[in-house]
Number of protein chains: 2
Amino acid sequence: MVVTKFNEELPKATAKRLPQYYRIFKQFVADKVERTNSQAIAKKLGVDSATVRRDFSLFGELGRRGYGYDTLALRDFFSDLLGDSAETNIALVGVGNLGRALIHYRFHDRNKMRIIQAYDVAGNPLVGTTTEDGIPIYNISDLKKNLADANIETAIISVQSDRAQEVADTLIKAGIKGILNFTPRRLEVSDDITVQSVDLTSELQTLLFFMQDKKETTK
Amino acid sequence: MVVTKFNEELPKATAKRLPQYYRIFKQFVADKVERTNSQAIAKKLGVDSATVRRDFSLFGELGRRGYGYDTLALRDFFSDLLGDSAETNIALVGVGNLGRALIHYRFHDRNKMRIIQAYDVAGNPLVGTTTEDGIPIYNISDLKKNLADANIETAIISVQSDRAQEVADTLIKAGIKGILNFTPRRLEVSDDITVQSVDLTSELQTLLFFMQDKKETTK
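Because the structure is predicted, anything quoted here is derived from the model rather than measured.

J.: How do you make sense of the interface of chain B and chain A when you look at a structure like this?
T.: Accessible area lost when the parts come together is the quantity often used to give the size of an interface. Contact residues are listed per partner, giving 66 residues for chain B and 66 residues for chain A. Taking both sides of the interface into account, the surface hidden between chain B and chain A amounts to around 5,800 Å²; carbon and sulfur atoms contribute 62%. Contact with chain A buries surface across chain B, with Leu204(B), Gln205(B) and Phe209(B) losing the most and accounting together for 11% of the total. The interface formed by chain B and chain A includes 2 salt bridges. Among the ionic pairs, Asp199(A) bridges to Arg23(B), the shortest N-O distance being 3.1 Å. If you look at where chain B meets chain A, you find 19 residue pairs in polar contact (both at pLDDT 80 or more). The element best represented in the side of chain B that touches chain A is helix 9 (residues 200-217) of chain B, accounting for 17 residues.

J.: Any chance you could explain the packing of helix 2 (residues 38-45) of chain B against helix 3 (residues 49-59) of chain B here in plain terms?
T.: Between two packed helices, what matters for the description is the angle formed by their axes and the separation of those axes. All names here are of chain B. The contact between helix 2 and helix 3 brings their axes to 8 Å, and the two run at 110°. Looking at the two axes, helix 2 sits roughly perpendicular to helix 3. The handedness of the crossing between helix 2 and helix 3 comes out as right-handed. Contacts between helix 2 and helix 3 involve Ser38, Gln39, Ile41 and Ala42 on the former and, on the latter, Ser49, Val52, Arg53 and Phe56.

What counts, and at which threshold
Residues numbered from 1 in each chain as written. Chains lettered and ligands numbered in written order. Predicted model: local features only at pLDDT ≥ 70, side-chain atom pairs only at ≥ 80, totals over all residues. Heavy atoms only, no water. Contact = heavy atoms within 4.5 Å. Buried area = accessible area lost by both parts, 1.4 Å probe. Salt bridge = Lys/Arg side-chain N within 4 Å of Asp/Glu carboxyl O. Polar contact = N/O pair within 3.5 Å; in protein donor to acceptor, adjacent residues only side chain to side chain. Helix = DSSP H or I, 4+ residues; strand = E, 2+ residues; numbered from the N terminus. Axes fitted to C-alpha atoms, helices over the stretch in contact; angles between N-to-C directions. Parallel < 35°, antiparallel > 145°, perpendicular 65-115°, else oblique. Left-handed = near helix turned anticlockwise from the far one by under 90°.

These figures come from the coordinates and say nothing about function on their own.
Structural data, given as C-alpha cells:
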C-alpha cells in the first residue's frame, strides 16, 4: 500500500483521534471484517460520519468510491502513522502510587510501547530494586547514562507537581524528545520537545461540568 | 458577582479548558494578583490570547474594558461552573493497580472532589478492608444499596476492559449519572449519562505521533 501522507498540518482534534482509528481497524482485522465505510467507523468512534470523512480526506486517498475502506491496509496505515510498527522504549520518572500503576499498565499488550526503565530519587526505597515484571528502578542521578545506553527518547513523568519542571529539564538534557506528563504542572520546554499532558483532576472536573450542564439543559 | 451563564452550547474544546482556567485563577488569587488580562491568562495556558478572549466571550460579561479580569470573581465563576463550590463524592470500581493509585490520588487537595467508596468483585482480597486513608472497599454486589445511602452520582471505572460495559450498566442502574472511564472500551450509555474517557494508551500514542510529526517537519 502507498502511504499517502498529509501535506497540511493535521488539526489537533484529528491527531487525537488517530489512536482510536488505529484501535478500531485492529479490531476490524481481528474480527475478520475486510472492508468498511465511514458510517461504521463513525458508529464505533461515537462521532458523526462527516467527521470521519473529513479526517480521512486529510490522510489522502485511502478508500475507493463504492468499495469503502480496506481494513488491513488502513490498520497498517495508522500503525505507520503512529510509529507502532517499531518498538518504542519508554522511561518513567516517579515511582509513587501512580508511577507504579503505570509501570504495571499493559501498554504493550495491544501496542509496541513498553516502559523499560523507571527512576526515582535515592530516598525512595524501591530504587535499586526490580519490579516483578523485570523493570529496573534506578536512581535519577544515573538517568543520563542509562537513557543514552538504551536509546530512549520518550518519558513519562509521574512525580509530585513541584518537581515536574526540574525532572523535565533533566530528561531533556539527557536526550528525551517527548514527555507524557501526569502532573497538573504545565511544563515549559523548547519547540523541539513534545509534551502530552494527562491531568486527572481536570478530567474529573470536565466530567462534572458536562454532568451539571446536562442536568440544566434537561430541566 | 452575577454569574452570567452562556446561552449557546459551549464548544467541547472550550469546556475542556475550564479546569485549566479555574486552576489559573486559583493560582492568581493565591499569589495575591487582583486583576489580569487575556494575554497573561493565555501565557499560563499555553494558547494564544485570541482563544482566551473567544472562550471568555462565551461566558458572558466577565471583564471590563481597560480594567481586565477580577481574579477573585473569576475564580468563583469557574468554581460555580465546575460545581466545585459543593463537595462531590465519588465511587471507584476496580481496585487493581490503577484503581489503587486513583484512590490515593489527591483530587481533594485542590478541589472538592473525593473518592469515598471503592468496589471490586469478591475475588479481590482487598474487598472488606479499608485503605489507610479510610476508604472502604466493598463487594460490588452491595453497590446499589451503598450508593443510594451515600448520595453518589459520579463513578470512576478502572476495571479490565472486558468488564467495563457490565460495570457501567450496574452503576447506571444504581443511579450514577457520570462516569470517568479509564478503560479503552467505549461505553454505550443513554443520553442522560455523561462519560469522560481517559485512555492511557491513546495518550501515549498521541504523544508518539506528535513526536514523529515534529521530526519529519524539522528534517
